[in-house]
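This is what each chain is made of:
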Amino acid sequence: MESSRRGFVAGISAATALALSNFAGEIRANAFANAPLALKKARILFNENPLGPSPFAVSAIESSASMLGRYPLSEGPRLEMKLRKLHGLSYREASAELSLGPKPKLEGGNDLLLGIGSSEILKAVAWAYGSKSGNIVEAHPSYSAVGDAVAEIPGSQMQRKIIPLDSDNRFDTAAMIKAIDADTKIVVICNPNNPTGTTIPLAQIVSVADAIPQDALLLVDEAYIEFLPHADKVSAMELAKTRKNVLVARTFSKIFGLAGLRIGYGLGATEIIDRLRPFMLGQLSLSMAGVLAAEASMDDAQHMAKTKSLHQKTLELWTRCFHAAGWKMTPSEACFCWVNVGQDATPLVSFLAERDVLISGGRRWKLPNYVRISMGTEEENERLVAGVAAFSKT
Ligand SMILES: Cc1ncc(COP(=O)(O)O)c(C=O)c1O
């Protein structure tokens, strides 16, 4: 069995081999990122919504064509306002006026900030809190965008304290708290965690918030939180609204299926938001199409329910599929799963890639025995299952 796998790997095309060796970051340097969707590749490697955007969003984009010559100077603030209402922030309607000037202060001490995906928020956190000295406490394997951005800031003296997940592939908050000291400037929690799909209870996040210095920031990245059946019980939104040093980041890229339009946001105390603002492009970073699509997609409960239903079916399918293959899947609550295949997963990734099923090998997290697989459409999921079954017979 082993030798036939090796034979297969030796026979993969040079282009595929190059693509597979190129995993340097989540998106950067990934040859598959450019795979045209029209090629019918099952691109189940970037944790996107395979159902795409809500039909509400699509018709908002279509009907916005005549407005594309305009800056979204009233539409952006209108989306901010809608999000403030959703998250129960105190606000004044007057702040949604057509303006590029400073925003009026909100009542209640909290605000939110729109960004070019949540990536812009994460990068601003790195620059606003990580450009001098001190340390950042993060986990591994996890989404490392903030730590990576800190490491790229010229002259930053920040030390990265990278805490391994626990034996269940969950955030080890006790170990993180031990690592936090008076010099800690940023702590990052990703809940649910990417790439493991695991979630920690809110109480553990509160204990981390209790442990950080007043001038530090706890960033809770909730890119996938909407997939949880009881997201409101797990989310740190209330914490962000009551503490001066907790920020929650969210995105329209995942459950809302708008990754291509780049809209995310951060919510926290006005002091935090004001500290991030100089590192953001601001209102002129947003596209008219993105803002209108995000706004419309918030009203489409049906699309959200459809995505969640596919998600539940996919979780069940994965569990059966990987159990049959004898692999260990970390129980996931997000739209992707983290599977230990018991040996270097590169041959599996190659085998599936040759069948136009694109998944992520664990090498990019320096965990070569793992793969991360994203939810596909039902048809894509079935192609994955068939590919895994065929691989198991080699
Ligand atoms: C945990 C997490 N946070 C943030 C992002 C960035 O997403 P976006 O910039 O599209 O909002 C991603 C993207 O995959 C992610 O997995």
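Since the model is a prediction, treat every value here as computed from it, not as a measurement.

Next up on the list: the overall build of the protein chain. Helices and strands together make up the secondary structure of the protein chain, namely 15 helices and 13 strands. Taken across its 394 residues, the protein chain has 47% of its residues classed as buried. Of the contacts formed within the protein chain by residues at least 6 apart in sequence, a portion of 74% connects residues at least 24 apart.

Attention now goes to the sheet that holds strand β8 (residues 263-269). Pairing is mixed across the open sheet formed by seven strands, whose spatial order is β2-β8-β7-β6-β5-β3-β4. Only two strands of the sheet have a single partner each, and these edge strands are β2 (110-116) and β4 (159-164). For this sheet, the mean angle separating the axes of adjacent strands, direction not counted, is 20 degrees. Pairing of strand β5 (residues 184-190) with strand β6 (residues 217-221), which is carried by five bridges, proceeds in the parallel orientation. Directly across from Ile 189, in β6, lies its bridge partner Val 220. Contacts from helix α4 (residues 75-86) reach β2 and β8, with the element oriented near 130 degrees to β2. Along the sheet, helix α6 (residues 145-152) contacts β3 (135-140), β4, β5 and β6; its crossing angle with β3, the most-contacted strand, is approximately 140 degrees.

A few words on the packing of helix α3 (residues 55-63) against helix α12 (residues 288-297). Where α3 contacts α12, the two axes come as close as 8 Å, and the packing angle between them is 145 degrees. Every pair of crossing elements has a handedness; the one defined by α3 and α12 is right-handed. Packed against α3, whose contacting residues are Phe 56, Ala 57, Ala 60 and Ile 61, the element α12 presents Ala 289, Leu 292, Ala 293, Ala 296 and Ser 297 at the interface. Residues belonging to the contact of α3 with α12 are distributed by class as follows: eight nonpolar, one polar and no charged.

Where helix α13 (residues 301-325) contacts helix α15 (residues 378-393), the two axes come as close as 10 Å, and the packing angle between them is 5 degrees. The orientation of α13 relative to α15 falls into the category roughly parallel. Across the interface between the two elements, Thr 314, Leu 317, Cys 321 and Ala 325 of α13 pack against Asn 381, Val 385, Val 388 and Ser 392 of α15. Per-class residue counts for the contact of α13 with α15 are five nonpolar, three polar and no charged.

In the vicinity of the ligand, 14 residues are found, and the nearest of them are Gly 117, Ser 118, Ser 119, Thr 251 and Ser 253. Broken down by element, the shell around the ligand gets its largest block of residues, three residues, from helix α5 (residues 117-129). For the shell around the ligand, a count of residues per class yields four nonpolar, eight polar and two charged.

A sheet is described by the order of its strands in space; here four strands give the open sequence β9-β10-β13-β12, paired in antiparallel fashion. The sheet terminates laterally at β9 (328-330) and β12 (360-361), the two strands that pair on one side only. Bridge count for β9 against strand β10 (residues 336-340) is three bridges, and the pairing is antiparallel. The residue of β10 that forms the bridge with Thr 330 is Trp 338.

Of note, the bond from His 140 into Pro 141 is cis; its omega dihedral lies within 30 degrees of zero at -5 degrees. Note on placement: Pro 141 falls in the loop between β3 and α6. Of note, the bond from Asn 194 into Pro 195 is cis; its omega dihedral lies within 30 degrees of zero at 25 degrees. Along the chain, Pro 195 falls in the loop between β5 and α8 (202-211). Of note in the backbone geometry, Arg 262 takes a positive phi value of approximately 60 degrees without being a glycine. Positionally, Arg 262 belongs in the loop between β7 (246-251) and β8.

Turning our attention to helix α14 (residues 346-354). Across the nine residues that make up α14, a large majority, seven, are buried. Those residues of α14 that sit buried are Thr 346, Pro 347, Leu 348, Val 349, Ser 350, Leu 352 and Ala 353. With its phi angle positive at about 60 degrees, Asp 356 sits one or two positions after the end of α14.

Our next topic: α6. Within the span of α6, buried status applies to Ala 145, Val 146, Gly 147 and Val 150. Contacts made by the buried residues of α6 are with α5, β3, β4, β5 and β6.

Position of Leu 113 relative to the elements: it lies in strand β2. Given 24 C-beta atoms within a 10 Å radius, Leu 113 is considered buried. Considering only alpha carbons, one finds Leu 113 and Tyr 265, 152 residues apart in sequence, at a separation of 5.3 Å. Those residues within four positions of Leu 113 in sequence are excluded, and the remaining contacts are Ile 121, Tyr 265, Gly 266, Ile 273, Leu 276, Arg 277 and Met 280.

Moving on, we get to the pairing of β2. Buried residues dominate β2, accounting for six of its seven residues. By the bridge criterion, seven bridges tie β2 to β8 in an arrangement that is antiparallel. Looking at the pairing, Leu 114 lines up with Tyr 265 of β8.

What follows is about the pairing of β5. Counting buried positions along β5 gives seven out of seven residues, so the element sits mostly inside the fold. Sheet analysis places β3 next to β5, joined by three bridges and oriented parallel. Bridge pairing links Val 137 to Val 187 in β5. Tracing the backbone out of β5, into α8 and back to the parallel element β6 gives a crossover that is right-handed.

The rules behind these values
- Residues numbered from 1 in each chain as written.
- Predicted model: local features only at pLDDT ≥ 70, side-chain atom pairs only at ≥ 80, totals over all residues.
- Helix = DSSP H or I, 4+ residues; strand = E, 2+ residues; numbered from the N terminus.
- Buried ≥ 20, exposed ≤ 12 C-beta atoms within 10 Å, placed from the backbone.
- Contact = placed C-beta atoms within 7 Å.
- Pairing = 2+ DSSP bridges.
- Axes fitted to C-alpha atoms, helices over the stretch in contact; angles between N-to-C directions.
- Left-handed = near helix turned anticlockwise from the far one by under 90°.
- Nonpolar A, V, L, I, M, F, W, Y, C, P; charged D, E, K, R; others polar.
- Parallel < 35°, antiparallel > 145°, perpendicular 65-115°, else oblique.
- Near = placed C-beta within 6 Å.
- Right-handed = clockwise from strand over helix to strand, strands pointing away.

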